[in-house]
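# Commentary on secondary and tertiary structure
One-letter residues, chain by chain:
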Amino acid sequence: MDPEIRVITIDQLGILRAVEEDPASGRVTVTITPTYTGCPAMDVIRADIRRALTAAGHPDAEVRTVYSPPWSTDWISEGGRAKLAAAGIAPPAPVRTTGVVSLTLAVRCPQCGSPETEQVSRFGSTACKALWRCRSCSEPFDHLKAL
Ligand SMILES: [Zn+2]
């Protein structure tokens with residue numbers, strides 16, 4: 001599970017890139033990509049992976065961090081987006097670039113689905129989330145920023 005957003009797995013977030021087992025030695029290599037640069041959760045994620053691998057009988061497993069291709073919110077799976085919305089966190093819209101213009105779609109309220117929403121603060125409970133409010137039902141909610 002992601003340590004900051006406990007409802008979604010690192011696989012659904014697109015942080016987990018590969019899990020490989022060397023057929024000869026049986027040694028497991030897990031490849032991950034950080035989300036936001038300097039995200040403090042990455043150390044926790046690495047420790048969580050090591051603990052899970054040790055529990056699964058792979059104490060000598062390697063956890064590799066790669067930076068290319070870079071992570072973006074487009075790596076979040078459909079299942080992951082649904083889980084975010086169910087937890088009251090508006091998922092990021094896909095970042096679509098048409099030539100030089102980057103389009104941002106309306107942020108829908110995760111409570112009532114209304115597109116009548118407004119940003120209250122660029123920073124929410126964590127640096128990767130912004131605080132928004134719904135103008136229809138007045139509920140505040142976190143929005144995972146598109147990147
Ligand atoms: Zn609403």
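If you look the chain up in an unreviewed UniProt entry, it shows as Phenylacetate-CoA oxygenase subunit PaaJ from Micromonospora arida.

## Details of the overall build of the chain
Across its full length, the chain holds three helices and nine strands. The order of helices and strands in the chain, counted from the N terminus, is α-β-β-α-β-α-β-β-β-β-β-β. Out of the 147 residues in the chain, the part that is buried amounts to 37%. Relative to all contacts within the chain whose residues are 6 or more apart in sequence, the contacts with residues 24 or more apart total 45%. Taken as a whole, the chain presents about 8300 Å² of accessible surface, with 55% of it coming from carbon and sulfur. Counting 16 positive and 16 negative side-chain charges, the chain places the centres of these two groups 5 Å from one another.

## Let's talk about the sheet that holds strand β7 (residues 117-121)
With mixed pairing, four strands are arranged side by side in an open sheet as β4-β9-β8-β7. A strand with exactly one partner marks an edge of an open sheet, and here the two such strands are β4 (89-90) and β7. Pairing between β7 and strand β8 (residues 129-134): four bridges, direction antiparallel. The residue bridging Q119 from the neighbouring strand is W132, located in β8.

## Some details on the coordination of the zinc ion
Around the zinc ion, the protein contributes the donor atoms C109 (SG), C112 (SG), C134 (SG) and C137 (SG), at 2.3 Å from the metal centre. Each of the four donor atoms around the zinc ion contributes to a set of angles spanning 104 to 118 degrees, which defines the coordination as tetrahedral. Considered as a linear motif, the donors of the zinc ion on their single chain read C-x2-C-x21-C-x2-C. Taken together, the residues span a long stretch of sequence, with C112 in the loop between β6 (101-103) and β7 and C137 in the loop between β8 and β9 (140-144) at a distance of 25 residues.

## So, the pairing of strand β2 (residues 28-32)
Counting buried residues in β2 gives five out of five residues, a clear majority hidden from the surface. Residue alternation in β2 divides its side chains into two sets, V28, V30 and I32 and T29 and T31, and both sets are buried. Sheet analysis places strand β1 (residues 16-21) next to β2, joined by five bridges and oriented antiparallel. Note on β2: the bridge partner recorded for L16 is I32. The antiparallel pairing of β1 with β2 creates a hairpin that spans six residues between the two strands, and G26 there sits at a positive phi of about 75 degrees. Bridge analysis of β2 against strand β3 (residues 62-65) gives four bridges, and the strand direction is parallel. Across the sheet, I32 pairs through a bridge with T65, a residue of β3.

## Some points on the pattern of salt bridges
In this structure the tally under the stated criterion is six salt bridges. Note that D43 and R46 form a salt bridge whose closest N and O atoms lie 3.0 Å from each other. Residue D43 and its partner R46 are both found in helix α2 (residues 41-55); the two are separated by three residues, about one turn of the helix. When its relative accessible area of 56% is taken as the criterion, D43 is described as exposed. The partly exposed category is assigned to R46, whose relative accessible area is 24%. Residue E116 pairs with R135 through a salt bridge whose shortest N-O separation is 4.0 Å. Taken together, the positions of E116 in the loop between β6 and β7 and R135 in the loop between β8 and β9 put the pair 19 residues apart, joining distant regions of the chain. In the salt-bridge network here, residues are joined through shared partners; they are E116, E118, R133 and R135.

Calculation notes
- Residues numbered from 1 in each chain as written.
- Predicted model: local features only at pLDDT ≥ 70, side-chain atom pairs only at ≥ 80, totals over all residues.
- Heavy atoms only, no water.
- Helix = DSSP H or I, 4+ residues; strand = E, 2+ residues; numbered from the N terminus.
- Buried < 20%, exposed > 50% of the residue type's maximum accessible area, 1.4 Å probe, protein only.
- Contact = heavy atoms within 4.5 Å.
- Areas by Shrake-Rupley, 256 points an atom, 1.4 Å probe, with all protein chains shown as cover.
- Lys, Arg positive; Asp, Glu negative; His and termini not counted.
- Charge placed at Lys NZ, Arg CZ, Asp CG, Glu CD.
- Pairing = 2+ DSSP bridges.
- Donors = N, O, S within 2.8 Å, 3.2 Å for Na, K, Ca; no water.
- Tetrahedral: all angles 85-135°; square planar, octahedral: opposite > 155°, others 65-115°.
- Salt bridge = Lys/Arg side-chain N within 4 Å of Asp/Glu carboxyl O.

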